Amino acid sequence: MNEASDLNKKGARILKTGDLIFSFIGARENAISDVTKGFRGARVNHIGVLIDTRQGTFVLEAFPPEVRLTKWEVFSRRSNDLAGQPRIMVGRLHHQYHELIDSAIAYGIRQRDIPYDRLYLTDEQSLYCSELIVDMFRHANSGEVFFSETPMSFRDNVTGEIHPTWVQYYAYFGMSVPEGEPGSNPGEISLDSKIDIIDVIGDIPGYE
């Protein structure tokens, strides 16, 4: 297989098709990472699935404006910190679940060009990053839940209050914050017992 060179040059394991790629994008403080926590406290705020092909290495992701296949170099560069280093965490399904990967990816690819869900609501008309992953593996698992959805929280990890950025964000769309509605986020998926975190690259906020 082709190596995801940007990551592997830094000593990471060779990535495989089906690996879950968690990343941290943007400033150290942002509205998503401020209300979620993942593996060992990592405040990852994006997720995609790696696909290795003869044409190169890609990440299948829901990222504005739509579901897309993104070249690995573009995906990893997007997470760079101010020093130009990627901030990425790699999760791998336990061996007994590997048989789901091909079906999950085939389903995910069929969702290409579906609009990105800017409201983070569970529906099939648009998809946000972790919603795509949840749907892919539920489909591969014969319609049974694989990665669970839980009541969403928009409360600041420090204050316990609904984060003011989210209040302003949803007010722009003329709605209240959907606190408690079913949903998912990259941090929660990184904690799932059906995966192992096999690499953590770069300075991910919160990671201990």
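Residues numbered from 1 in each chain as written. Predicted model: local features only at pLDDT ≥ 70, side-chain atom pairs only at ≥ 80, totals over all residues. Heavy atoms only, no water.

1. Some points on the confidence of the model for the chain
Our working definition: Confidence scores labelled pLDDT are given residue by residue by the predictor and lie between 0 and 100. Two residues qualify as a contact provided that any one of their heavy atoms is within 4.5 Å of a heavy atom in the partner residue.
When pLDDT is averaged along the chain, the result is 90, and 92% of the positions lie at 70 or above. Residue range residues 8-12 is modelled with pLDDT below 50. Its contacts to residues more than four positions away, or to other chains, number 10 contacts.

2. Considerations on the nonpolar core
Operational definition: What makes a nonpolar core is a set of buried Ala, Val, Leu, Ile, Met, Phe, Trp, Tyr and Cys residues whose side-chain atoms join them at distances within 4.5 Å. Only protein chains enter the calculation, and the probe is 1.4 Å; a residue is then buried if its accessible area is under 20% of its type maximum, exposed if over 50%, and partly exposed in between. Each helix is a run of DSSP H or I of at least 4 residues and each strand a run of E of at least 2, with the numbering of both proceeding from the N terminus.
Ranked by internal contacts, the top residues of the largest apolar core, which has 43 residues, are Leu20, Phe22, Ile133, Met136, Phe137 and Phe147. Elements with a minimum of two residues in this core: β1 (20-23), β2 (46-53), β3 (56-63), β5 (88-93), α3 (101-110), α4 (129-140), α5 (164-172) and β8 (195-201). In terms of residue count, the dominant contributor to this core is α4 (7 residues). Those residues in contact with Met136 that sit more than four places away from it in its chain are Val49, Leu60, Ala104, Ile105, Tyr107 and Gly108. Judged by nonpolar contacts, the second largest core, of 9 residues, contains Ile21, Val59, Ile88 and Ile198.

3. Regarding α3
Inclusion rule: Read the arc as the range of directions from the helix axis to the C-beta atoms.
Three or more residues of α3 are buried, namely Ile101, Ala104, Ile105, Tyr107 and Gly108. The buried side chains of α3 occupy one side of the element, clustering within an arc of 160° when seen end-on. Of the exposed residues in α3, those oriented more than 90 degrees away from the buried face are Asp102 and Arg110. The secondary structure elements touched by the buried residues of α3 are β2, β3, β4 (66-71), β5 and α4.

4. A look at the packing of aromatic side chains
We apply this condition: Here a pair means two rings of Phe, Tyr or Trp (six-membered ring of Trp) with centres within 6.5 Å. Their orientation is stacked below 30 degrees between planes, edge-to-face above 60, and tilted elsewhere.
Applying the stated criterion across every chain, the model contains 17 aromatic pairs. Relative to Trp166, the ring of Tyr120 lies with its centre 5.8 Å away and its plane at 90°, an arrangement referred to as edge-to-face. Here the residue Tyr120 occupies a position in the loop between α3 and α4, and Trp166 occupies one in helix α5, the gap between them amounting to 46 residues. With a relative accessible area of 6%, Trp166 lands in the buried category. A network of ring pairs unites the aromatic residues Tyr116, Tyr120, Tyr128, Phe154, Trp166, Tyr169, Tyr170, Tyr172 and Phe173 as a single cluster.

5. Brief notes about unusual backbone geometry
Residues Pro64 and Pro65 are joined by a peptide bond in cis, for which omega reads 15°. Among the structural elements, Pro65 can be located in the loop between β3 and β4. Even without glycine at this site, Ser142 takes up a positive phi of about 60°. Within the secondary structure, Ser142 is located in the loop between α4 and β6 (150-151).

6. With respect to the environment of Arg138
Looking at where Arg138 falls in the secondary structure, it is placed in helix α4. Note: C-alpha distance between Arg138 and Ser76 (62 residues apart in sequence) is 26 Å. Sequence-distant contacts of Arg138, that is, excluding residues within four places in its chain, are made with Glu124, Gly143, Glu144, Val145, Phe146 and Glu149.

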